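Understanding the architecture of this molecule
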Amino acid sequence: MDAFVRLEGVAAALPMANVDTDMIIPKQFLKTIQRTGLGKYLFHDRRRTQDGGEIDAFVLNRSPWRDAEILIAGTNFGCGSSREHAPWALADFGIRCVVAPSFADIFFNNSSKNGILLVALPESDIETLMKDASEPETARMIVDLEQCTITRADGTVLAFEVDAHRRHCLLNGLDDIGLTLERTREIETYEARAADSRPWLTPGP
């Protein structure tokens, strides 16, 4: 997966609590196991009319937020079913970071394994960022994972905390397979030692 180090981009405000995974990607779009192509269905029932037209009032259908890479949301974001299609849809749309007071656990883990940084901040900070994201003039901000900071358009800096292991994986673009491959030398050494000590377990020609 792509590494997440520093992101400067447009933030979109989604002032809603309990945004569940069915709202993020409705169930009728779960027929694929491909991670690409789902961005067009992100928040489908909020973004589209029944005949497929855009709903102008929805933030991601308006400039500059149709190019948003950061989402500022309400509490308990990503609740509901455990579908991994939710972070796939966010990432395919271009969202690399979601900032909210809290997240559903399974969604939180799925997102980090797909290169999306989730930042939990106090309600007061979320309100500040929500106001920034609501105005085109202040919607751009910088999320720096190395420094664990969010820099607002006016230069104000907000600090956040990230679990050290999760931070390491995101900074280096490591999913579970990547983490395993980091230990390739140790695994090969173990396998060779095991073959020498238990030759009867070694497959024959």
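For the structure itself, consult the block above.
Thresholds, definitions, all that
Residues numbered from 1 in each chain as written. Predicted model: local features only at pLDDT ≥ 70, side-chain atom pairs only at ≥ 80, totals over all residues. Heavy atoms only, no water. Helix = DSSP H or I, 4+ residues; strand = E, 2+ residues; numbered from the N terminus. Buried < 20%, exposed > 50% of the residue type's maximum accessible area, 1.4 Å probe, protein only. Contact = heavy atoms within 4.5 Å. Areas by Shrake-Rupley, 256 points an atom, 1.4 Å probe, with all protein chains shown as cover. Lys, Arg positive; Asp, Glu negative; His and termini not counted. Charge placed at Lys NZ, Arg CZ, Asp CG, Glu CD. Pairing = 2+ DSSP bridges. Right-handed = clockwise from strand over helix to strand, strands pointing away. Salt bridge = Lys/Arg side-chain N within 4 Å of Asp/Glu carboxyl O. Phe/Tyr/Trp six-rings, centres within 6.5 Å; stacked < 30°, edge-to-face > 60°. Core = buried A, V, L, I, M, F, W, Y, C linked by side-chain atoms within 4.5 Å. Axes fitted to C-alpha atoms, helices over the stretch in contact; angles between N-to-C directions. Parallel < 35°, antiparallel > 145°, perpendicular 65-115°, else oblique. Left-handed = near helix turned anticlockwise from the far one by under 90°. Nonpolar A, V, L, I, M, F, W, Y, C, P; charged D, E, K, R; others polar.

This paragraph deals with the overall build of the chain. The helix and strand inventory of the chain stands at eight helices and seven strands. Projected onto its principal axes, the C-alpha coordinates of the chain cover approximately 70 × 45 × 25 Å. Looking at the chain residue by residue over its 205 residues, the buried ones come to 43%. Once local pairs closer than 6 in sequence are excluded, the contacts in the chain between residues at least 24 apart make up 65%. Summing over all exposed atoms, the chain offers an accessible surface of approximately 11100 Å²; the carbon and sulfur share of this is 50%. Charge-centre separation for the chain: the mean point of 22 positive side chains lies 4 Å from the mean point of 31 negative side chains.

What you see with strand β3 (residues 97-100) is no split at all: Cys-97 and Val-99 on one side and Val-98 and Ala-100 on the other are buried throughout. In this structure, strand β2 (residues 70-73) lies alongside β3, joined through three bridges in parallel fashion. Paired with Ile-72 across the two strands is Val-99, which belongs to β3. Each parallel crossover has a hand, and for β2 linked through helix α3 (residues 85-93) to β3 it is right-handed. Here β3 pairs with strand β4 (residues 117-120) via four bridges, running parallel. From the neighbouring strand, Val-99 faces β4, where its bridge partner is Val-119.

Under the criterion given, the structure shown has five salt bridges. The partner of Asp-132 in a salt bridge is Arg-152, and the shortest N-O contact between them spans 2.6 Å. Here Arg-152 lies in the loop between β6 (149-151) and β7 (157-159) and Asp-132 lies in helix α5 (residues 123-133), a separation of 20 residues in the sequence. The same class applies to Asp-132 as to Arg-152, namely buried. The class of Arg-152 is buried, set by a relative accessible area of 18%. Salt bridges sharing partners connect three or more residues here, namely Asp-132, Arg-152 and Asp-154.

Before going further, it helps to spend a moment on the packing of aromatic side chains. Counted according to the given criterion, the structure contains five aromatic pairs. An angle of 65° between the planes, with centres 5.5 Å apart, marks the rings of Phe-77 and Phe-107 as edge-to-face. Taken together, the residues span a long stretch of sequence, with Phe-77 in the loop between β2 and α3 and Phe-107 in helix α4 (residues 105-112) at a distance of 30 residues. Per residue, the accessibility class of Phe-77 equals that of Phe-107, and both read buried. In this structure an aromatic cluster arises from ring pairing among Phe-77, Phe-103, Phe-107 and Phe-108.

In this structure, Ile-24, Phe-43, Leu-60, Leu-71, Phe-77, Leu-90 and Phe-107 are the most contacted members of the largest nonpolar core, which totals 34 residues. Those elements giving two or more residues to this core turn out to be β1 (6-14), α1 (21-24), β2, α3 and β3. Sort the elements by how many residues they give to this core and α3 lands first, with five residues. Not counting residues within four places of it along the chain, the set of residues in contact with Leu-90 comprises Ile-24, Leu-42, Phe-43, Leu-71, Phe-77, Ile-95, Phe-107 and Ile-116. The next biggest cluster of nonpolar side chains, apart from the first, holds 25 residues, and it includes Ile-126, Met-130, Met-141 and Cys-148.

We now examine the packing of α3 against α4. Across the interface, α3 lies against α4 with an axial gap of 9 Å and an inter-helix angle of 45°. In this view, α3 runs oblique relative to α4, as classed from their interaxial angle. Where α3 crosses over α4, the handedness of that crossing is right-handed. When α3 is examined against α4, the residues Ala-86, Pro-87 and Leu-90 are found in contact with a partner set consisting of Phe-107, Asn-110 and Ser-111. Looking at side-chain class alone, the contact of α3 with α4 contains four nonpolar, two polar and no charged residues.

Everything listed here is a matter of geometry and, on its own, says nothing about what the molecule does.
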